[in-house]
Amino acid sequence: MTLAVPQSGLAQQPVHDARPLAFRDAAEEARFHDLAAQLRCVQCQNQSLADSNAQIAQDLRREVLQLMQQGLDDDAIKQFLVARYGEFVLYQPPLQPGTWLLWGGPLLVLGAGALVVMGIVRRRSRQMDASAAADPAEGEDW
């Protein structure tokens, strides 16, 4: 099965090639590393594409470089990967109705935790007040 991707005049490495990536210049390498840090490994899910050692991450890094060398800008490359893998591939997906929980989830968990702690503190405070009122001699030191 072959992927029909427009070929430039450059000889390109196959996607599954184990050789190191070949960059044209330092600017292309810097752009590549910046873009790879913004993308999530679809297998590891907790690592960026740049950090992952999974085979699919290696293949995707090679594919991203090929797309860059074909003249696609970063947004077009991201759109290509989102179309293929979904918005999860982006480390910072855009804020939209489908991602509200993703962006607001940590705040909701933090708020729920704060409410639980406040409830525990209030309950213990009432228990201490009730026990002090029931035994007034206990609070005095002679």
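Residues numbered from 1 in each chain as written. Predicted model: local features only at pLDDT ≥ 70, side-chain atom pairs only at ≥ 80, totals over all residues. Heavy atoms only, no water.

(A) Inspection of the overall build of the protein at higher detail. Within the protein one finds four helices and zero strands. Secondary structure elements of the protein occur, N-terminal to C-terminal, as α-α-α-α. By residue count, 23% of the 142 residues in the protein fall in the buried class. Relative to all contacts within the protein whose residues are 6 or more apart in sequence, the contacts with residues 24 or more apart total 52%. (Helix = DSSP H or I, 4+ residues; strand = E, 2+ residues; numbered from the N terminus. Buried < 20%, exposed > 50% of the residue type's maximum accessible area, 1.4 Å probe, protein only. Contact = heavy atoms within 4.5 Å.)

(B) Region of interest: the packing of helix α1 (residues 26-38) against helix α3 (residues 74-85). Viewed as axis vectors pointing N to C, α1 and α3 meet at an angle of 35°, and their least axial separation amounts to 11 Å. Viewed along their axes, α1 and α3 form a crossing whose handedness is right-handed. Between α1, through R31, L35 and Q38, and α3, the contact on the second element is made entirely by D74, I77 and K78. Classifying every residue of the contact of α1 with α3 by side-chain character gives two nonpolar, one polar and three charged. (Axes fitted to C-alpha atoms, helices over the stretch in contact; angles between N-to-C directions. Left-handed = near helix turned anticlockwise from the far one by under 90°. Nonpolar A, V, L, I, M, F, W, Y, C, P; charged D, E, K, R; others polar.)

(C) Quick look at the packing of aromatic side chains. Counted by the stated rule, this structure contains one aromatic pair. Centroid distance F23 to F32: 5.3 Å. Interplanar angle 55°. Geometry classified as tilted. The class for F23 is partly exposed, based on a relative accessible area of 24%. (Phe/Tyr/Trp six-rings, centres within 6.5 Å; stacked < 30°, edge-to-face > 60°.)

(D) Looking closely at a positive patch on the surface. A surface patch of positive charge is lined by R122, R123, R124 and R126. Position of R123 relative to the elements: it lies in helix α4 (residues 100-134). (Patch = residues over 30% accessible without salt bridge, like charges linked within 9 Å, V, L, I, M, F, W, Y side chains within 5 Å. Areas by Shrake-Rupley, 256 points an atom, 1.4 Å probe, with all protein chains shown as cover. Salt bridge = Lys/Arg side-chain N within 4 Å of Asp/Glu carboxyl O. Lys, Arg positive; Asp, Glu negative; His and termini not counted. Charge placed at Lys NZ, Arg CZ, Asp CG, Glu CD.)

(E) A look at the environment of V42. Counting through the fold element by element, V42 comes out in the loop between α1 and α2 (55-69). Spatially, the C-alpha atoms of V42 and L60 are 9.4 Å apart, while their sequence positions differ by 18 residues. Apart from the residues within four sequence positions on either side, V42 is in contact with I56, L60, Y85 and V89.

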